[in-house]
Amino acid sequence: MNNAEIAALFWEISELLELSGDNPFKARAYRHAAEKIESLPEPLSTMYEEGRLGDIEGIGEALKKKLEEIITTGRLRYYEDLNEKVPRVLVELLDIPGVGPKTARALYEHLHIGGIDELEAAAKAGRVRELPGMGVKTEQNILRGIQMLRGRLDRIPLGVAMPIAQDFIESIRRIPQVLEVRAAGSLRRRKETIGDIDIVAASGDAIAVMDAIEKLPRTREVLSRGGTRMVVMARDGIKVDTWVVGPSFFWSALHHSTGSKAHNVKLRGMAREMGLKINEYGISREDGTEILINREEDIYSALGLDFIAPELREDTGEIEAAREGRLPRLLEPGDIRGDLHMHSTWSDGVTSIEEMAEAARRMGYSYIAICDHSKSLGVARGLAEETLRRQVKAIRELNKRLTGMRVLAGVEVDIRRDGTLDHPDELLAELDIVVASVHSGFRQDADTMTARIIAAMRNPHVDIIGHPTGRLLGRREPYAVNIDALIEAAAETGTVLEINSYPDRLDLSDIHARMAKERGVKLAINTDAHSREQLGYIEYGVSVARRAWLSRDDVINAWEGERLLKFLGEHKH
Ligand code: DGT
Ligand code: CA
Ligand code: CA
Ligand code: ZN
């Protein structure tokens with residue numbers, strides 16, 4: 001076995017250990033060792049012969065023995081026993097995107113399924129949502145994961161593709177012959193859905209790199225392989241399109257394969273008019289001399305343009321703006337100061353308010369707003385009026401104990417079918433912030449739905465409209481609503497529109513958020529987190545904002561706490 005094969009074997013062992021519920025440190029030790037082995041510049045067999053196996057960081061005595069057994073006998077008893085012990089179907093379930101070892105075990109133990117088809121049937125019959133710790137969302141995610149695995153989804157939500165892509169890119173980075181590697185294509189542009197994952201790597205030895213990619217545990221099969229380009233089907237059912245180019249072509253290749261196609265076509269046209277030729281290998285003048293490209297910025301400056309961030313490269317005015325020096329200073333992830341829509345254990349969240357505050361502080365935030373559901377939303381354990389009053393008190397008490405973090409008392413109040421709100425005005429008046437959202441009656445016609453949301457905007461206590469169009473990517477269309485009229489009413493009433501960062505939502509979309517900005521409407525990028533981990537979803541909301549050309553000034557939770565509070569006190573016209 002060569003290094004890549006041994007690494008793959010260790011990956012498999014770490015997975016089997018996780019699935020068998022064994023000591024998690026053991027699984028981690030194997031994973032860590034696998035990563036080390038993937039990045040070794042010389043064959044393990046040589047190191048063994050020279051007695052240097054012990055030199056590898058992270059390989060202790062036990063693992064060293066295992067390596068010796070593999071190298072001398074070509075097999076590993078420990079692996080064979082483990083493999084026998086863990087049911088095949090568990091391993092199979094892990095292939096479903098979004099299903100980790102814990103979920104796989106729970107599904108197997110409770111549903112007694114023999115394979116993915118049976119799981120699909122169980123999920124369709126609504127049997128997954130009834131299992132402990134799962135719900136309708138988990139069930140739907142599993143169904144979508146199965147569709148993706150079976151190649152039945154042609155586009156994959158960014159939030160699903162991103163972690164898979166990152167794992168792939170990290171694996172490629174560990175290949176010793178790789179000098180540089182980056183995401184390209186729609187993933188780098190952070191489009192809301194992804195057709196395939198594009199990756200560009202720089203190396204002087206494309207053959208070695210492609211051989212290593214073929215052996216990666218994340219690779220299911222090779223679909224095509226040429227001199228500089230290789231397409232593989234990942235284990236999760238998503239295509240990964242990798243370009244391996246010489247280091248001097250890296251930036252040109254990255255730029256080319258970042259796209260979008262429309263952006264590239266326009267640049268190429270511009271270049272031609274300037275007597276330049278631009279392609280994936282670089283930029284050349286009419287006399288054939290090359291312009292030196294050391295960074296992506298060099299490509300734009302050769303064309304007399306300001307640098308254009310990947311998120312803007314859609315040919316929707318960014319090239320003209322770059323030429324005239326009027327591109328916005330785009331919002332950066334580090335600009336976010338707080339998160340204004342999250343849930344807690346008081347309704348359907350799994351993290352307490354205090355733990356949310358602590359997690360937010362670790363992210364560098366200075367404020368958060370707790371916006372649990374209101375009473376009509378029974379499925380999400382919405383709060384009755386009295387409970388909400390108690391929660392407000394608890395938050396005021398908590399704030400006395402916190403330093404450098406302010407928790408705003410808020411609510412995600414239901415907008416009822418007739419446009420009235422699910423809590424009385426005098427209660428809303430006691431809160432620091434009010435998010436109002438639609439969670440029912442999705443089938444109303446456009447006029448009714450539009451009037452319903454606008455009625456909520458006209459309530460002077462409503463600060464933000466949550467997930468304004470109600471879409472669920474790949475699952476539910478936006479409700480019929482006149483988005484122009486909503487934006488108009490938001491501008492007129494001083495209501496903020498949310499960019500909900502939940503990977504299934506991304507609502508408002510980039511296009512609508514850009515329309516809102518152009519009409520002077522402010523936006524709030526919120527996660528709608530139901531657990532502390534989900535606070536990390538903010539990155540997807542920031543991507544939407546960047547694609548919408550937003551700057552710090554357009555986003556109220558990119559403001560200092562004082563400015564935000566002042567705004568909340570006086571923004572409703
Ligand atoms: P996707 O995969 O559908 O989400 O969207 P993209 O933008 O990732 O498209 P993809 O994967 O077909 O191609 C990646 C990039 O490669 C694309 O954004 C620009 C570049 N590219 C591909 N085909 C062409 C082409 O025919 N002409 C030009 N100029 N660029 C191309
Ligand atoms: Ca792509
Ligand atoms: Ca592609
Ligand atoms: Zn909601």
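For clarity, every value in this text was computed on a predicted model and none was experimentally measured.

Conventions used here
- Note that residues are indexed from 1 along each chain, following the sequence as it is written.
- As a convention, the first chain written is A and the first ligand written is 1, with the rest following in written order.
- Given that the model is predicted, a residue must reach a pLDDT of at least 70 before its local features are reported, and side-chain atom pairs must reach 80 or more before they are shown or counted; all residues, however, enter totals for whole chains, interfaces and linings.
- Based on all heavy atoms of the structure, the side-chain values leave hydrogens and waters out of the count.
- Throughout this description, buried means an accessible area under 20% of the type-specific maximum (1.4 Å probe, protein chains only), exposed means over 50%, and partly exposed covers the range between.
- What counts as a helix is a DSSP run of H or I of at least four residues, what counts as a strand is a run of E of at least two, and both are numbered from the N terminus.
- Here the arc refers to the directions that run from the helix axis out to each C-beta atom.
- By definition in these notes, contact holds between two residues if any of their heavy atoms fall within 4.5 Å.
- Should DSSP find at least two bridges between two strands, the strands are regarded as paired.
- Start and end points for every domain follow an automatic or database-based domain assignment.
- We define buried area as the total accessible area lost by two parts upon association, computed with a 1.4 Å probe and summed across both.
- Any Lys or Arg side-chain nitrogen found within 4 Å of a carboxyl oxygen on Asp or Glu counts as a salt bridge.
- Because no water is among the atoms considered, metal sites can look incomplete, with donors defined as N, O and S atoms within 2.8 Å of the metal, or 3.2 Å for Na, K and Ca.
- We call a residue near a molecule or strand when any one of its heavy atoms sits within 4 Å of it.
- Between N or O atoms, a polar contact is any pair within 3.5 Å; within protein, one atom must be a potential hydrogen donor and the other a potential acceptor, and residues adjacent in sequence are included only when both atoms are from side chains.
- Every accessible area reported is derived by Shrake-Rupley at a probe size of 1.4 Å, with residue values counting cover from the shown protein chains alone.

> Quick question: what am I supposed to make of helix α17 (residues 353-362) here?
Residues separated by three or four positions in an α-helix point in the same direction, a consequence of the helix having 3.6 residues per turn. If you check which residues of α17 are buried, you get Ile-353, Met-356, Ala-357, Ala-359 and Ala-360. For α17, the angular spread of the buried residues around the axis is 165°, confining them to a single face. Where the residues of α17 are buried, they touch β11 (338-342), β12 (367-370), α18 (385-401) and β13 (406-414). Positive phi shows up at Gly-364, right after α17, with a value of about 90°.

> It is not clear to me how the pairing of strand β8 (residues 276-279) should be interpreted in this structure. Could you clarify?
Remember that side chains alternate between the two faces of the sheet whenever the strand is regular. Here β8 shows a clear split, with Leu-276 and Ile-278 buried on one side and none of Lys-277 and Asn-279 buried on the other. Here β8 pairs with strand β9 (residues 282-285) via 4 bridges, running antiparallel. In the sheet register, Ile-278 faces β9, and the bridge partner there is Ile-283. Two successive antiparallel strands, β8 and β9, enclose a turn made up of 2 residues.

> I keep staring at the domain arrangement of the protein chain and nothing clicks. Help me out?
The domains assigned to the protein chain are domain 1 (3-154), domain 2 (156-251), domain 3 (259-323) and domain 4 (333-572). A separation of 39 Å is found between the C-alpha centroids of domain 3 and domain 4. If you sort the residues of domain 3 by the area they bury against domain 4, Glu-311, Leu-312 and Thr-316 come out on top, with a joint share of 72%. Summed over the shared surface of domain 3 and domain 4, the number is 2 salt bridges.

> Would you explain the coordination of the zinc ion (ligand 4) in this entry?
Within the protein, the atoms that donate to the zinc ion (ligand 4) are Glu-412 (OE), His-439 (NE2) and His-467 (NE2), at distances of 2.0 to 2.2 Å. Here the donor residues of the zinc ion (ligand 4) are spaced in sequence according to E-x26-H-x27-H. Placement of the pair is Glu-412 in strand β13 and His-439 in the loop between β14 (433-437) and α20 (446-458), with a sequence separation of 27 residues. Comparing Glu-412 with His-439 shows no difference in burial state: the two are buried.

> I would appreciate a short explanation of the site of ligand 1 in the present structure.
In the vicinity of ligand 1 there are 16 residues, among which Arg-155, Ser-186, Gly-195, Asp-196 and Arg-268 approach most closely. Contacts to ligand 1 include Arg-189, whose side-chain N or O atom sits 3.0 Å from an oxygen atom. With respect to ligand 1, the backbone of Gly-195 contributes an N or O atom lying 2.8 Å from an oxygen atom. With the chains in place, 70% of the 600 Å² that ligand 1 exposes on its own is no longer accessible. For the shell around ligand 1, the secondary-structure elements that each account for two or more residues are α11 (185-188), α13 (250-258) and α14 (261-273). Taken together, domain 2 (156-251) and domain 3 (259-323) each give at least three residues to the shell around ligand 1, which thus spans both.

> Hey, could you run me through the environment of Ile-156 in this one?
Tracing the backbone through its elements, the reader meets Ile-156 in strand β1 (residues 156-157). Sequence spacing of Ile-156 and Gly-195 is 39 residues, and the spatial spacing of their C-alpha atoms is 6.4 Å.

> Help me out: how do you make sense of the coordination of the calcium ion (ligand 2) in this one?
Within the first shell, the calcium ion (ligand 2) binds the protein through Asp-196 (O), Asp-196 (OD) and Asp-198 (OD), at distances of 2.1 to 2.6 Å. Separating the calcium ion (ligand 2) from the calcium ion (ligand 3) is a distance of 3.7 Å, and Asp-196 supplies a donor atom to each of them. Given the relative accessible area of 10%, Asp-198 is considered buried.

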